[in-house]
Each structure stands twice: as structure tokens, then as C-alpha cells.
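Working through the structure, step by step
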Amino acid sequence: MQLRLQQRLQERRQQSLYRQRLTLSSPQGAEVQIGTERLLCFCSNDYLGLANHPQVITSLQENAARYGVGSGASHLVVGHSGPHQELEEALAEFTGRPRALLFSSGYMANIGIMAALLKRGDAVFEDRLNHASLLDGGLLSGARLQRFRHNDTDHLKQLLQQRADVEGKLVATDGVFSMDGDSAPLGELATVCAEQGALLVVDDAHGFGVLGANGAGSLEQAGLSAREVPVLMGTLGKALGTGGAFVAGDEDLIEGLIQFARSYIYTTAIPPALVAATLVSLELLTTEAWRRPHLQQLIARFRAGAEQLGLPLMDSQSPIQPLLVGDADAALRLSEKLRSDGVLVSAIRPPTVHAGTARLRITLSAAHNEDQVDRLLDALQRHA
Ligand SMILES: *Cc1c(COP(=O)(O)O)cnc(C)c1O
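Residues numbered from 1 in each chain as written. Predicted model: local features only at pLDDT ≥ 70, side-chain atom pairs only at ≥ 80, totals over all residues. Heavy atoms only, no water.

What to know about the overall build of the chain
Stated formally: Counting from the N terminus, the helices are the DSSP runs of H or I reaching at least four residues and the strands are the DSSP runs of E reaching at least two. Buried means the residue's accessible area, taken with a 1.4 Å probe over protein chains only, is under 20% of the maximum for its type, while exposed means over 50%, and partly exposed covers the values in between. The Shrake-Rupley method, run with a 1.4 Å probe sphere, supplies the accessible areas, and residue values consider only the shown protein chains as cover.
Within the chain, the regular secondary structure consists of 15 helices and 13 strands. Dimensions along the principal axes, computed over C-alpha positions, put the chain at roughly 55 × 55 × 50 Å. Looking at the 384 residues of the chain, the share that counts as buried comes to 54%. Carbon and sulfur atoms make up 49% of the accessible area of the chain, which totals about 17,300 Å².

Considering the pairing of strand β10 (residues 320-326)
To be explicit about the condition: Pairing between two strands requires that DSSP report at least two bridges joining them.
Buried residues dominate β10, accounting for 5 of its 7 residues. Across 6 bridges, the pairing between β10 and strand β13 (residues 358-363) is antiparallel. Across the sheet, residue G326 finds its bridge partner in β13, namely A358.

Some words on the packing of aromatic side chains
Ring pairs (aromatic) are described by centroid distance and by the angle formed between their planes. Rule in force here: Here the aromatic set is Phe, Tyr and Trp, taking the six-membered ring for Trp, and pairing holds for ring centres within 6.5 Å; pairs whose planes are under 30 degrees apart are stacked, those over 60 apart are edge-to-face, and all others are tilted. Each ring is checked for a lysine NZ or an arginine CZ that lies within 6 Å of its centre and within 35 degrees of its normal; such an atom marks a charge sitting over the ring.
Counting across every chain of the model gives 3 aromatic pairs. Here F208 and F246 contribute two aromatic rings whose centre-to-centre distance is 4.9 Å and whose plane-to-plane angle is 65°, an arrangement assigned as edge-to-face. On the criterion of sequence distance, the pair formed by F208 in the loop between β7 (199-203) and α9 (218-222) and F246 in strand β9 (residues 245-249) is long-range, its members being 38 residues apart. Three or more aromatic residues joined by ring pairs form one cluster here, namely F94, F208 and F246. Here R13 stacks its cationic end above the ring of Y18, 4.4 Å away from the centre of that ring.

Topic: the environment of R147
Along the polypeptide, R147 turns up in strand β5 (residues 144-148). As a C-alpha pair, R147 and L135 span 12 residues in sequence and 9.0 Å in three-dimensional space.

What about the domain arrangement of the chain?
Rule in force here: Residue ranges for the domains originate in an automatic or database domain assignment. Every residue pair with non-hydrogen atoms within 4.5 Å of one another is taken to be in contact. Each of two parts loses accessible area, computed with a 1.4 Å probe, when they are put together; buried area is these two losses added. Here, a salt bridge means any Lys or Arg side-chain nitrogen found within 4 Å of an Asp or Glu carboxyl oxygen. Polar contact is the term for a pair of N or O atoms within 3.5 Å; when the atoms are in protein, one must be able to donate a hydrogen and the other to accept it, and sequence-neighboring residues count only if both atoms are side-chain atoms. Residues were grouped as follows: Ala, Val, Leu, Ile, Met, Phe, Trp, Tyr, Cys and Pro as nonpolar; Asp, Glu, Lys and Arg as charged; and all remaining residues, including Gly, as polar.
According to the domain assignment, the chain contains domain 1 (16-45 + 290-383) and domain 2 (54-287). For domain 1 and domain 2, the distance between their C-alpha centroids amounts to 27 Å. The interface of domain 1 with domain 2 comprises 18 residues on the first partner and 20 residues on the second. Interface area, domain 1 with domain 2, both sides summed: about 1,400 Å², of which 55% is carbon and sulfur. It is N45, R292 and H354 that lose the most area in domain 1 upon contact with domain 2, and together they represent 42% of the buried surface on that side. In this structure, R359 and D180 form a salt bridge, with 3.0 Å as the shortest nitrogen-oxygen distance. At the junction of domain 1 and domain 2, the tally comes to 7 residue pairs in polar contact (both at pLDDT 80 or more). When contributions to the side of domain 1 that touches domain 2 are tallied by element, the ones reaching two or more residues are α13 (291-308), β10 and β13. Residues of the side of domain 1 that touches domain 2, tallied by class, amount to 7 nonpolar, 7 polar and 4 charged.

Notes on the UniProt feature "domain: Aminotransferase class I/classII large" (unreviewed entry) in the chain
Operational definition: UniProt positions are given in the numbering used here, feature names are shortened, and annotations may be inferred rather than shown by experiment.
This chain's UniProt record puts "domain: Aminotransferase class I/classII large" (unreviewed entry) on residues 40-380. Helix makes up 45% of residues 40-380 and strand 16%. Its end C-alpha atoms lie 13 Å apart.

A few points about the sheet that holds β5
Let me state the cut-off plainly: Geometry is summarised by axes, namely lines fitted to C-alpha atoms with helices restricted to the contacting stretch, and by angles between N-to-C directions that run from 0 to 180 degrees.
A sheet is described by the order of its strands in space; here 7 strands give the open sequence β3-β9-β8-β7-β6-β4-β5, paired in mixed fashion. Single-partner strands in this sheet number two, and they are β3 (99-103) and β5. Each strand axis lies, on average, 20° off the axis of its neighbour in the sheet, ignoring direction. Where strand β4 (residues 123-127) and β5 come together, 5 bridges link them in parallel fashion. Directly across from E126, in β5, lies its bridge partner R147.

Here's the deal with helix α5 (residues 106-117)
Using the following cut-off: One fewer than the residue count of a helix, multiplied by 1.5 Å, yields its expected span.
Given a rise of 1.5 Å per residue, 12 residues ought to cover 16 Å, and the 17 Å separating the end C-alpha atoms of α5 matches this to within 8%. For α5, the capping residue at the N-terminal end is S105, with a side-chain oxygen 3.4 Å from the backbone nitrogen of Y107.

Regarding the site of the ligand
Short version of the rule: Residues are counted as near a molecule or strand when any one of their heavy atoms sits within 4 Å of it.
In the vicinity of the ligand, 14 residues are found, and the nearest of them are G106, Y107, D203, H206 and K238. D203 is positioned such that a nitrogen or oxygen atom in its side chain is 2.5 Å from a nitrogen atom of the ligand. One nitrogen or oxygen atom from the side chain of K238 is found 2.7 Å from an oxygen atom belonging to the ligand. When the free accessible area of the ligand is taken as 370 Å², the share hidden by the protein chains comes to 82%.

Details of helix α14 (residues 328-340)
Using the following cut-off: Relevant arc is that of directions from the helix axis to the C-beta atoms, nothing else.
For α14, which comprises 13 residues, the first-to-last C-alpha distance of 19 Å matches the rise-based estimate of 18 Å (1.5 Å per residue) to within 8%. Those residues of α14 lying buried are A328, A331, L334, S335 and L338. Around the axis of α14, the buried residues are gathered within 125° of arc, so they sit on the same side. Facing away from the buried side of α14, by more than 90 degrees, are the exposed residues E336 and S340. For α14, the capping residue at the N-terminal end is D327, with a side-chain oxygen 3.4 Å from the backbone nitrogen of D329. Immediately downstream of α14, the backbone of G342 shows phi near 85°, a positive value.

The structure is reproduced here in C-alpha cells:
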């Protein structure tokens, strides 16, 4: 086993696929610090710049003084406190659904949804570019997992028709795809699911807080209700700048998750102070609504500038604006050149993305200003 591990590590290095962590000594923000380097950061998921927001920090501090640090237990034992209850109610109202349930992470929420809803003999259908946690959830559920071509509702329909005899059918998709930045055709997916008797699950990790008139995400933007999309998952560690995740839906869904989702039951609840801080983030979606149009403006500015430079942009209107490079080694080298120019963008390589589609995953945030986006474009002009 140890020998095999050494060989696999060696292989990863040779293929330019070895991963290394950066160690930050600053908060998230338009600029970050790594050792003595100050870098303009274009690779965080802090899309609204709330991870280091003074009001969110104050709430965390005050609530740590009130509730302490650790939650002490799982929700079903004695780890569920006032802030958890309050945030669940606020998220239910914000998403226009009867109830919401907090999970410790998005990864665990997706595993839990699949575990609670599916059983052996069922069929689960997933977009082939879905987030790893949705795919893992499908695999772990015991149901048969089939992947449909990216955003191809005709292909999904074919697969569903072939399994028409199966009683339990679930379709899962990212709302906004994490490595491509494009959106799922949610309206069409909802129609196909209704026709074929399948339950639709949307993971809106990258849409929640960013998209829609009020920031409620991809479903708000697409004008879809809980009837059309019964299961909505959102994460709190991205646009909301804190951590954790939630599932929103009807009474039976939430009670089913509480009873049957092992990744909900057998884990420690998120620290209550962090949950209280998330309540402030959620309020900031309304009280600092300017963050969304500002972000949209930066996205438009980046896309216009990149187009002028002849860069190969992908079909994305989201803050995720990947630059397709192809070769893993080339993506890594480009990332290093940008870093030497003071710009931090990470290279995303297989197996996170398919072979031959390595890319720079550029992300924009409301924490950036126009001048900083121009500096990114200048650096890309010099090196890309
Ligand atoms: C980040 C992400 C997750 C996982 O959420 P965490 O809270 O970070 O575990 C799930 N789905 C998608 C699409 C994501 O981008």
C-alpha cells in the first residue's frame, strides 16, 4: 500500500497534476498575503466580499461571547441552539419554502440528500459536470447512477424514458457549474422531470447570494418555485462568506433529512456564533444590495476586456470566468507567470476537470474594483 502510494504521488508530479496548498496570512479579500507577497486575488469564492465584512465579524465576536465557541454536539443531541433555529427560519423565508435545514458543509448536504431520498433499485441522473459531492452522493446512495451530457435535456429525457419502469427517479444538477461558470437550463430540466416523474435537486452553491433580484439564486433568476424544484441546496461558505450549507423544501423533505440523512445526524453542529454571523450575511444581501450589480459590472468589464484581448472565454455570466488552457502543465506555468506579476489565479487541472481541459479559474468578487480588474487584464495581456 505504501509503495503504491509513493508511485501514485510520483506519477502526479510527473504529469504536472501535483497539488500544493498556499498558506495565507491575511483574510480573504481583493488582496491577500502569502508570506511577504501581496497578491491581487482572483480565485476565491467570496463572491460578495462578505468573508471579511466588519458587521459579520462583529456578530461572530459577540455571539462567541454569548454562546462560546463549539456547538458541543450534533443537532439531535444538544448542539442545536437559538442561532441555528433562527437561521433555518430565515433561510426558509428567503428561499420561499416551508422549511430549511442546516448542514455542516455543502458536501455533507449533498451526500445527505441522496442518502435520505434514494434506495437500492432507484435511479439517479446527474449532469456529467456536476460537483464531486453530488456525484459521490449518487454513488454512495446505492441507486444506479447515470450521467447525462452537460446541459443536454434531450439526453436526460432519453435516459429517463429508458428507466420509465423505475419507481424512484432523481435528477441532480448544479445551478451554476463550479468549474465552467455556466448555468443549467433549469426551466427545461423542471419540465422534463415533471413529464417523467423524476424529483429535481438543484445545488446552487455558486448561484445563492449572487443571482436573482434578491440574491436568492438560480431558481429566483429562472422564476422556478418549490413545486418545480422540490429540493434546493445552497452553501454558506461562498457568497455568504461564512461556512456550512442548507437544504430548503417542504415539511416532509426536511423531516426526512432529520431522520435519515446520516451526514446530518452523525456530525457536530456548526458553531452557533458562525451561524449567527451568517444571519448578518443574509441580511447584508438586502441592506447592501449594491454588491450584486457592482459584481455584474465587474463581470461585464472583464468579459469585454478579455474579448478585446482575444482570450478564449467560456459561456458564463457568473463570477466564475475560466480561461481554458487545455494542457495541465501550460495552465500551471501561466498561473505562475501571473503570480510573478502580483496576480493570484489558480490552475484547475484533472481530475477536477476532464483531461485536456485544464484552465485558470478566474473568479470576480464585489470586493474588487474596476482598477483591479484592469490590472488582471493587463497581466493576462502580458502572459496569456
Ligand atoms: C463548494 C461546492 C459544494 C460543497 O460545499 P462546501 O460547503 O464547500 O462543502 C457543493 N456543490 C458545489 C456545486 C460547490 O461548488
